[in-house]
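Structural description and commentary
Chain by chain, the residues run as shown.
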Amino acid sequence: MSNRGEQALLKQSTILMFAVAIAGIVTGFVSGSQSILFDGFFSLIATFIKVLMLITAKLIAKESNHRFQFGFWHLEPMVLLIEGSFLLLIAIYAFLNGVFGIINGGREIELGLVIIYAGVFTVVEFAYFFYVRRRNRKLKSSLIQFDNISWLVDAMLSVGLLISFLAALLLKSQGYGQWAAYVDPLILIVLALTMLPPAFKILRPALRDVLGIAPDTLDDQVRQVMDAAKVEHGFDDYVSYVQKHGRARFIEIHVVLPADYALSNVGQLDALREEISAKLGTPDAARWLTISFTGDKKWIA
């Protein structure tokens, strides 16, 4: 399976996110802003996650081997589970940091520098998010789709920072400087809360795949196709199993033929396989389909 476009885009995303992380960490230390520092560390962790995604994409492109006979598809939901978990932990840390910042009387920051930072990276991150989304319409990569969530989250963080720092500047200019000190920890709390939905959006499907929960949509599709085939071809019974690991779909179908089923040659069974396969959708490298036929129900139990 060739996924060079996917790998190239993930590599580009990783390099750019690392640059954003360094800029955020440096700006946070210089300005004294905990929210900017948090934004930088979020980007740094996102960079490491992107490295894992890039490694996963390269492994998925490889052929299966003796140790991993079904390929490396199972690594994809594991990486996404790690990313979602990190997002959740960062959000909790940021929330607590913001609460303690308010309790301790807020913090003074260099507003001019952080406003420039937030303005520049709002434009950069939103532009790159839409660029990746447009590219992925052709690639149709779930790795890139979830990876791009980190760019949307980062862009939202930058927008929140920009609006809040402009509000703090306005408060200072109007003689309410004592309240401006609370803006930074308040931003941290708001940013932490806005990160929760993206974290759960990544965690939910990844956790289902890692736990091996059958995907309802795929299961319903297989049952509909086989129920129709059972009536049309006079099958006695069938049993089906479906599983999903990232973009990979594993479908196993066992069909029971009646004892008097008119079977002239093996090619007739292959024709039935082709028919069922076509009704399940266009085959691709990420679909593993097994269809077997038997005359004894004990082989489908």
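In case you missed it, the structure is sitting above this.
So, here's what we can say about the structure.

Scoring rules and cut-offs
Residues numbered from 1 in each chain as written. Predicted model: local features only at pLDDT ≥ 70, side-chain atom pairs only at ≥ 80, totals over all residues. Heavy atoms only, no water. Pairing = 2+ DSSP bridges. Helix = DSSP H or I, 4+ residues; strand = E, 2+ residues; numbered from the N terminus. Right-handed = clockwise from strand over helix to strand, strands pointing away. Polar contact = N/O pair within 3.5 Å; in protein donor to acceptor, adjacent residues only side chain to side chain. Buried < 20%, exposed > 50% of the residue type's maximum accessible area, 1.4 Å probe, protein only. Axes fitted to C-alpha atoms, helices over the stretch in contact; angles between N-to-C directions. Salt bridge = Lys/Arg side-chain N within 4 Å of Asp/Glu carboxyl O. Expected span 1.5 Å × (residues − 1). Arc of directions from axis to C-beta. Contact = heavy atoms within 4.5 Å.

**Brief notes about the pairing of strand S3 (residues 287-294)**
Across eight bridges, strand S2 (residues 248-256) lies against S3 in parallel orientation. Bridge pairing in S3 links Ile-251 to Leu-289. Note that the unit made of S2, helix H9 (residues 266-279) and S3 has a crossover that is right-handed.

**Remarks on the environment of Asp-227**
In this structure, Asp-227 sits in helix H8 (residues 216-233). Within polar-contact distance, the side chain of Asp-227 engages the side chain of Tyr-238 at 2.8 Å.

**Overview of the pairing of S2**
The element S2 is extensively covered by neighbouring structure, given that seven of its nine residues are classed as buried. Counting the residues that bridge the hairpin from strand S1 (residues 237-245) to S2 gives two residues, and of these Gly-246 lies at a positive phi of roughly 65°.

**Considering the sheet that holds S1**
Picture the strands of a sheet paired through backbone hydrogen bonds; they go either parallel or antiparallel. The strand order across the open sheet built from three strands is S1-S2-S3, with neighbouring strands paired in mixed fashion. One side of each edge strand has no neighbouring strand; the edge strands of this open sheet are S1 and S3. Here the strands of the sheet are splayed against their neighbours by 10° on average, with no regard to which way each runs. Pairing between S1 and S2: nine bridges, direction antiparallel.

**Some thoughts on the pattern of salt bridges**
For the structure shown, the criterion picks out seven salt bridges. Taking the shortest distance from any N to any O, the salt bridge between Lys-244 and Asp-209 comes out at 3.3 Å. Linking Lys-244 in strand S1 with Asp-209 in helix H7 (residues 183-211), this pair joins segments that are 35 residues apart in sequence. Overall, Asp-209 belongs to the buried group, its relative accessible area being 7%. One salt bridge connects Asp-270 with Arg-273, and the closest N-O pair in it is separated by 2.8 Å. Linking Asp-270 with Arg-273, this pair stays in helix H9, spanning three residues, or about one helical turn. Relative accessible area serves as the criterion here: at 38%, Asp-270 is assigned to the partly exposed category.

**Description of H9**
A turn of α-helix holds 3.6 residues, and therefore any two residues three or four places apart point the same way. Compared with the 20 Å implied by 1.5 Å per residue over 14 residues, the 21 Å span of H9 between its first and last C-alpha is a close match. If you check which residues of H9 are buried, you get Leu-269, Leu-272, Ile-276 and Ser-277. One side of H9 holds all its buried residues, which, seen down the axis, span an arc of 135°. Residues of H9 that are exposed and angled more than 90 degrees away from the buried face: Glu-274 and Ala-278. For H9, the secondary structure elements touched by its buried residues are H8, S2 and S3. Capping of H9 at its N-terminal end is provided by Asn-265; its side-chain oxygen lies 3.1 Å from the backbone amide nitrogen of Gly-267. Of the residues one or two after H9, Gly-281 is the one with positive phi, at around 115°.

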